[in-house]
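# Close look at the chain arrangement
Single-letter residue listing:
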Amino acid sequence: MGAQVNFVQAINQAMHDAMADDPSVLLLGEDVADEEGGGVVKVTAGLSSAFGTDRVRSTPITEEAIIGAAVGSALVGKRPIAEIMLMNFLTVGMDQIVNHAAKLRFMSGGQTNVPMTIRTMTGAGGGAGGQHTDMLEAWFAHIAGIKVVAPSTPADAYGLLRSCIEDDDPCLFVENMPTYWTTGEAPVTGTRIPLGKASVVTEGSDVTIISYARTMMEAGGATKALSESGISAELIDLRTIAPFDLETILTSVRKTKRALIVHEAVTPFGVGAEIAARISEELFHELAAPVQRVGSSFNAVPYAQSLEEAHLPSIQQIVDAAKKTLA
């Protein structure tokens, strides 16, 4: 086994390397500088000491101003990384994200681009309650002009974040708080993972399971359980939600004739609905069963641990949904 790192280390290293390579990269957000602790979970620790507080700036608690400052700096040639502590708090900066960052390229006839990255963390499982743990990626995937990325391994987090920072359009980089200290293979320094390209993690022939971010862990567990039952599941890690890799998905589903999409966000109106619709439109006459979806229950994330566990998708739910496509 090679060197292992966790998500916090991989994301920190990606920002460090990007700032070292490009003086136009800067970071701003609440408590991101070392004087304020290097971030609420230390993701930005050491960066202000390495690059100075001119490039790593702790801000007041005002998400709209953080995003607005990032948009403005991007328009004058910088590549800002704006940290919004929690995904729920993106709602405060929605005007700046939707009406400015995402639309300026369109409204300028392609003459103006906004090369900024918004990093945010979220995810249920730690008892943080309904106002701190929503998965809202479908909101932003619905907005033309912004890319949405959600890694499932530390190495992917490094490579995808490097690509986001170098992209000429705004990118939303979603980090899952309960998996921050999960370890995985260390990234190769300088690696970039192309945005919009999925990864086939496990090859199979009976059913295609498509997931991303934290639920890749449950999907991986379900793939193993299905294999023990004699069912060969192909597991795809989406990695980029918008734009998602339709070609890889269709190639897999053409082979297996069955598809299941798994995500932590609530099931109704989610990313899984869009992927299911595209599969059905493209492969309707080739499918052996209706496309299935597994997500969290349609309610605010509960605080009590027992209810929170019941809210989230489980390995058994994924196994049952995959077997339903084979019934």
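For the structure, see preceding data.
The rules behind the values
- Residues numbered from 1 in each chain as written.
- Predicted model: local features only at pLDDT ≥ 70, side-chain atom pairs only at ≥ 80, totals over all residues.
- Heavy atoms only, no water.
- Helix = DSSP H or I, 4+ residues; strand = E, 2+ residues; numbered from the N terminus.
- Rg over C-alpha atoms; globule rule 2.2 N^0.38 Å.
- Buried < 20%, exposed > 50% of the residue type's maximum accessible area, 1.4 Å probe, protein only.
- Contact = heavy atoms within 4.5 Å.
- Areas by Shrake-Rupley, 256 points an atom, 1.4 Å probe, with all protein chains shown as cover.
- Pairing = 2+ DSSP bridges.
- Axes fitted to C-alpha atoms, helices over the stretch in contact; angles between N-to-C directions.
- Salt bridge = Lys/Arg side-chain N within 4 Å of Asp/Glu carboxyl O.
- Parallel < 35°, antiparallel > 145°, perpendicular 65-115°, else oblique.
- Left-handed = near helix turned anticlockwise from the far one by under 90°.
- Nonpolar A, V, L, I, M, F, W, Y, C, P; charged D, E, K, R; others polar.
- Expected span 1.5 Å × (residues − 1).
- Polar contact = N/O pair within 3.5 Å; in protein donor to acceptor, adjacent residues only side chain to side chain.
- Disulfide = S-S within 2.5 Å.

## Some points on the overall build of the protein
In terms of regular secondary structure, the protein is built from twelve helices and 14 strands. Expected size for 327 residues packed as a compact globule is a radius of gyration near 20 Å; at 20 Å, the protein falls within 12% of this value. Its C-alpha atoms give the protein principal-axis dimensions of roughly 60 × 45 × 40 Å. Relative to its full complement of 327 residues, the protein shows a buried share of 54%. Of the contacts formed within the protein by residues at least 6 apart in sequence, a portion of 82% connects residues at least 24 apart. Accessible surface, the protein as shown: approximately 13,600 Å² in total, 53% of it carbon and sulfur.

## So, the sheet that holds strand E9 (residues 199-202)
Spatial ordering of the open sheet is given by E9-E11-E10-E13-E14, a layout of five strands whose pairing is mixed. Two strands lie at the open edges of the sheet, namely E9 and strand E14 (292-296), each paired on one side alone. When strand polarity is set aside, the average angle formed by the axes of neighbouring strands in this sheet is 25 degrees. Set on the sheet, helix H12 (residues 315-326) makes contact with strand E10 (207-211), strand E13 (259-266) and E14; between it and E14 the angle comes to about 165 degrees.

## Re the pattern of salt bridges
All told, the structure shown has 16 salt bridges when counted by the stated rule. Here Arg239 ties to Asp156 by a salt bridge, and the two come within 3.5 Å at their closest N and O atoms. Placement of the pair is Arg239 in the loop between strand E11 (233-237) and strand E12 (240-242) and Asp156 in helix H7 (residues 154-166), with a sequence separation of 83 residues. Take Arg239: its relative accessible area is 10%, and that puts it in the buried class. For Asp156, a relative accessible area of 12% gives the class buried. The residue Glu264 makes a salt bridge to Arg214 at a minimum N-O spacing of 3.8 Å. On the criterion of sequence distance, the pair formed by Glu264 in strand E13 and Arg214 in the loop between E10 and helix H8 (215-228) is long-range, its members being 50 residues apart. When salt bridges with common partners are traced through the structure, they connect Asp21, Arg162, Glu166 and Arg192 into a single cluster.

## Examining the packing of H8 against H12
At their nearest, the axes of H8 and H12 sit 8 Å apart, and the two run at 55 degrees to each other. Comparing their axes, H12 and H8 come out oblique. Judged by the twist between their axes, the crossing of H8 over H12 is right-handed. Contacts between H8 and H12 involve Glu218, Ala219, Gly221, Ala222, Ala225 and Leu226 from the first element and Ile315, Ile318, Val319, Ala322 and Lys323 from the second. For the contact of H8 with H12, the class distribution of residues is eight nonpolar, one polar and two charged.

## Details of H7
Taking 1.5 Å per residue, 13 residues should reach 18 Å; H7 reaches 19 Å between its end C-alpha atoms and fits that length. Of all 13 residues that make up H7, eleven are buried, and the element is covered over most of its length. Those residues of H7 not exposed but buried are Pro154, Asp156, Ala157, Tyr158, Gly159, Leu160, Leu161, Arg162, Ser163, Cys164 and Ile165.

## A word on helix H9 (residues 246-256)
All of the buried residues in H9 are Leu246, Thr248, Ile249, Leu250, Ser252, Val253 and Thr256. Its buried side turned inward, H9 meets E9, E10, E11, E13 and helix H10 (271-283). Once H9 finishes, Lys257 follows within two positions and takes phi at roughly 70 degrees, a positive value.

## Topic: the side chain of His263
Tracing the backbone through its elements, the reader meets His263 in strand E13. Engagement of the side chain of His263 in a polar contact is seen with the backbone oxygen of Ala265, the distance being 2.9 Å. For His263, the contacting residues outside a window of four places in its chain are Tyr212, Thr215, Gly270, Val271, Gly272, Val294, Gly295, Ser296 and Pro313.

## Digging into the state of the cysteines
The full count for this structure, using the stated rule, is zero disulfides. In this structure Cys164 is not part of a disulfide, and its nearest cysteine sulfur, from Cys171, lies 4.0 Å away. Since its relative accessible area comes to 0%, Cys164 is described here as buried. The class for Cys171 is buried, based on a relative accessible area of 1%.

## Things to note about the side chain of Thr208
Its place among the elements puts Thr208 in strand E10. For Thr208, a relative accessible area of 0% translates into the label buried. Side chain to side chain, Thr208 and Ser252 meet in a polar contact 2.6 Å long. Residues contacting Thr208, with those up to four places away along its chain left out, are Glu234, Ile236, Ser252, Val253, Thr256, Arg258, Ala259 and Leu260.

## Quick notes on the sheet that holds strand E5 (residues 117-122)
Strand order in this open sheet of seven strands is E3-E2-E4-E5-E7-E6-E12, and the pairing throughout is mixed. Every interior strand has two partners, whereas the edge strands, strand E3 (56-58) and E12, have only one. With direction set aside, neighbouring strand axes in the sheet form an average angle of 20 degrees. Across the sheet, helix H3 (residues 63-75) lies against strand E2 (25-29), strand E4 (79-86) and E5, angled at about 170 degrees from E4, the strand it touches most.

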